[in-house]
Amino acid sequence: MIVGVVGAGTMGAGIAQLALQAGHEVLLNDLDEAAIARGRDRIASGLDRLVAKGRMDADEAGAALVERLRDAHGLDTLAAEADVVIEAALEDLDLKRTIFRALDSAAPASTLLATNTSALSVTEIASSTQRPERVVGLHFFNPAPVMALIEVVQGELTSAATMQAGLEFSGGLGKTAVTCRDAPGFIVNRVNRPFTLEALRMVDAGQATVESIDSAVEAAGYPMGPFRLMDLVGIDVNLAVARALHEAFDQAPRFRPSPRQEELVAAGRLGRKTGSGFYRYGADGPASGEANHPAGGRGPSGEPLAEADIVERIELAIINEAYRAIGEGVCSPEDADIALKLGAAHPHGPFERAGMLGLRTVVEALARLAASGEMDARERFTVAPALWGMATF
Ligand SMILES: NC(=O)c1ccc[n+]([C@@H]2O[C@H](COP(=O)([O-])OP(=O)(O)OC[C@H]3O[C@@H](n4cnc5c(N)ncnc54)[C@H](O)[C@@H]3O)[C@@H](O)[C@H]2O)c1
């Protein structure tokens, strides 16, 4: 199969590498010639790592780079040749619509057109083409060669055959694919939003510190606490997603970004990449572990929460958001569980966790939090209708 990749940055290079690993031919396009060269370098080092680990034969890696990876200097030539095109250019709706218009006019009717958007509407991107039924979201996670999940996103007009093609293509890359409707944040970026936002709310309310939350969450089996995670991903990147979801959900208070994130970003403290975020990082890279006050400090007012309460609050908010998502028909509970485990490295999916806790306990605990009088508690913790419908008393 010939796979066209538009955009040779972080995600495009990772996706191109995966396609080469799966034996496909790859056409790599970018506006910027230098970006294609950088993308090639990134792909080469990704394949080198696989060779070093004994997961790929050195000759095979060399052949993939020389014989199966080609630069594509125009969208029209790429679209004319490729069986599948994956767009991984910048997160900008107008730009993506322009790219899809160009792809649509040059590609044969059978070509599958996919976007790797994280937060834009697949339906709106697809509507720039004459073949919205042949357009799908393939949401890879970063780093694409490593992360096991792909969210296959169904735009309003995406056909069942196109969804099937997206699922098969994803499976052929060795990934686990889940299906979701075209709704803001798809599954992981939406359902996992409370992982960072509830943690920030607790710090903002003076109920816990950055360190106490990270250590409670890590002790509960999550590989990284919310603040260490934000520092790793980039506080600016996390904030951009939080802002996009807040807008997409009509500024619902539960999605409101924290002022603490806004302040850190304004101060240029973006996390590991700038050497300082919620924590400070030593010159050699690894975290020094020293929290950065006042960002890391607890506010003066709140009653400190116990470790178990910290984790419970985050998990309850995630479970509730997961019920909201299935109530809106975004995905199945099974796919939500898979998505959170593979896309966010949670030790259990939200529905599995709800089952462990018992739905009655979940509903009662959420109702208690909703009545706590804390800022926005009513909206944050109001029991999702789909959860009410399932819990028996
Ligand atoms: N980085 C992530 O964690 C992540 C995860 C999932 C999805 N995404 C999405 O993937 C897409 C790419 O993100 P990224 O992190 O790889 O960005 P990036 O900035 O690393 O790469 C984007 C590349 O697109 C190129 N580009 C810009 N306009 C173009 C055009 N008209 N035609 C061809 N190439 C063009 C740029 O030159 C750049 O090389 C975005 O939509 C993003 O939301 C990102």
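These numbers were taken from a predicted model, which means no experiment stands behind them. (Residues numbered from 1 in each chain as written. Predicted model: local features only at pLDDT ≥ 70, side-chain atom pairs only at ≥ 80, totals over all residues. Heavy atoms only, no water.)

Remarks on the overall build of the chain
Alright, step 1. Across its full length, the chain holds 19 helices and 10 strands.
Alright, step 2. In summary, the chain has a C-alpha radius of gyration of 22 Å against a globular reference of 21 Å for 393 residues, a match within 12%.
Alright, step 3. Each principal axis of the C-alpha distribution contributes one length, and for the chain these read about 60 × 50 × 40 Å.
Alright, step 4. Residue pairs in contact within the chain that sit at least 24 positions apart in sequence constitute 69% of those at least 6 positions apart.
Alright, step 5. Surface accessibility of the chain: about 16,300 Å² in total, with carbon and sulfur atoms responsible for 54%.
Alright, step 6. Distance between charge centroids for the chain: 4 Å, based on 36 positive and 53 negative side chains. (Helix = DSSP H or I, 4+ residues; strand = E, 2+ residues; numbered from the N terminus. Rg over C-alpha atoms; globule rule 2.2 N^0.38 Å. Contact = heavy atoms within 4.5 Å. Areas by Shrake-Rupley, 256 points an atom, 1.4 Å probe, with all protein chains shown as cover. Lys, Arg positive; Asp, Glu negative; His and termini not counted. Charge placed at Lys NZ, Arg CZ, Asp CG, Glu CD.)

Structural notes on the domain arrangement of the chain
Alright, step 1. On domain assignment, one finds that the chain holds domain 1 (2-182) and domain 2 (187-393).
Alright, step 2. Computed over C-alpha atoms, the centres of domain 1 and domain 2 are 30 Å apart.
Alright, step 3. With 13 residues of domain 1 at the contact, the number on the domain 2 side is 13 residues.
Alright, step 4. Taking both partners together, domain 1 and domain 2 bury about 1,000 Å²; carbon and sulfur atoms supply 61% of that area.
Alright, step 5. It is L149, V178 and R181 that lose the most area in domain 1 upon contact with domain 2, and together they represent 41% of the buried surface on that side.
Alright, step 6. Where domain 1 touches domain 2, the interface holds zero salt bridges.
Alright, step 7. Viewed at the interface, domain 2 and domain 1 are joined by six residue pairs in polar contact (both at pLDDT 80 or more). (Domains from an automatic or database assignment. Buried area = accessible area lost by both parts, 1.4 Å probe. Salt bridge = Lys/Arg side-chain N within 4 Å of Asp/Glu carboxyl O. Polar contact = N/O pair within 3.5 Å; in protein donor to acceptor, adjacent residues only side chain to side chain.)

Considerations on the pattern of salt bridges
It is possible for side chains of opposite charge to pair when their charged atoms get near one another.
Alright, step 1. This model, assessed by the stated rule, comprises 22 salt bridges.
Alright, step 2. Among the ionic pairs, R254 bridges to E379, the shortest N-O distance being 2.8 Å. Note that R254 is positioned in the loop between α12 (235-248) and α13 (259-266) and E379 in helix α18 (residues 377-381), a separation of 125 residues in sequence.
Alright, step 3. Using a relative accessible area of 23% as the deciding quantity, one classes E379 as partly exposed.
Alright, step 4. E315 is the partner of R353 in a salt bridge, and the nearest nitrogen-oxygen pair spans 2.7 Å. Note that R353 is positioned in helix α16 (residues 350-357) and E315 in helix α14 (residues 307-327), a separation of 38 residues in sequence. This pair shows no difference in class: R353 is buried, exactly as E315 is.
Alright, step 5. In this structure, a network of salt bridges that share partners links the residues R190, R254, E321, R324, E328 and E379. (Buried < 20%, exposed > 50% of the residue type's maximum accessible area, 1.4 Å probe, protein only.)

A look at the environment of R181
Alright, step 1. With respect to the helices and strands, the residue R181 is situated in strand β8 (residues 176-181).
Alright, step 2. You can call R181 partly exposed: its relative accessible area is 38%.
Alright, step 3. The sequence separation of R181 and C331 amounts to 150 residues, and the corresponding C-alpha distance is 6.6 Å.
Alright, step 4. Beyond its immediate chain neighbours, meaning those up to four positions away, R181 contacts V153, Q154, F186, E328, G329 and V330.
Alright, step 5. Within polar-contact distance, the side chain of R181 engages the backbone oxygen of E328 at 2.8 Å.

Here we look at the site of the ligand
Alright, step 1. Looking at the ligand, there are 21 residues lining it, with M11, D30, E91, K96 and S118 nearest.
Alright, step 2. Here an oxygen atom of the ligand sits 2.7 Å away from a polar atom, N or O, in the side chain of D30.
Alright, step 3. In the model, an oxygen atom of the ligand is placed 2.5 Å from a nitrogen or oxygen of the E91 side chain.
Alright, step 4. Contact with the protein chains hides 78% of the accessible area of the ligand, taken as 830 Å² for the molecule alone.
Alright, step 5. Put simply, the parts of the chain that give the shell around the ligand at least two residues each are α1 (10-21), α5 (93-106) and β6 (135-140).
Alright, step 6. Here the shell around the ligand gets three residues from one element, more than from any other, and that element is α5.
Alright, step 7. Split by residue class, the shell around the ligand holds 10 nonpolar, eight polar and three charged. (Near = heavy atom within 4 Å. Nonpolar A, V, L, I, M, F, W, Y, C, P; charged D, E, K, R; others polar.)

Things to note about helix α11 (residues 226-233)
Alright, step 1. Those residues of α11 lying buried are P226, F227, M230 and D231. An end-on view of α11 places all buried positions within 140 degrees of arc, on one side of the element.
Alright, step 2. Tucked into the core, α11 has its buried residues touching α9 (193-204), α10 (210-219), α12, α13 and β9 (279-281).
Alright, step 3. Of the residues trailing α11, G234 is marked for its positive phi of about 110 degrees. (Arc of directions from axis to C-beta.)

Side note on the packing of helix α2 (residues 33-52) against helix α3 (residues 58-68)
Alright, step 1. α3 packs onto α2 with a crossing angle of 165 degrees between their chain directions and a minimal axis gap of 9 Å. It follows from the interaxial angle that α2 and α3 lie roughly antiparallel. When the axes of α2 and α3 are compared, the crossing they make is right-handed. Residues R40, I43, A44, L47 and V51 of α2 lie in contact with α3, whose contacting residues are A58, A61, A64 and L65.
Alright, step 2. Taken together, the residues of the contact of α2 with α3 sort by class into eight nonpolar, no polar and one charged. (Axes fitted to C-alpha atoms, helices over the stretch in contact; angles between N-to-C directions. Parallel < 35°, antiparallel > 145°, perpendicular 65-115°, else oblique. Left-handed = near helix turned anticlockwise from the far one by under 90°.)

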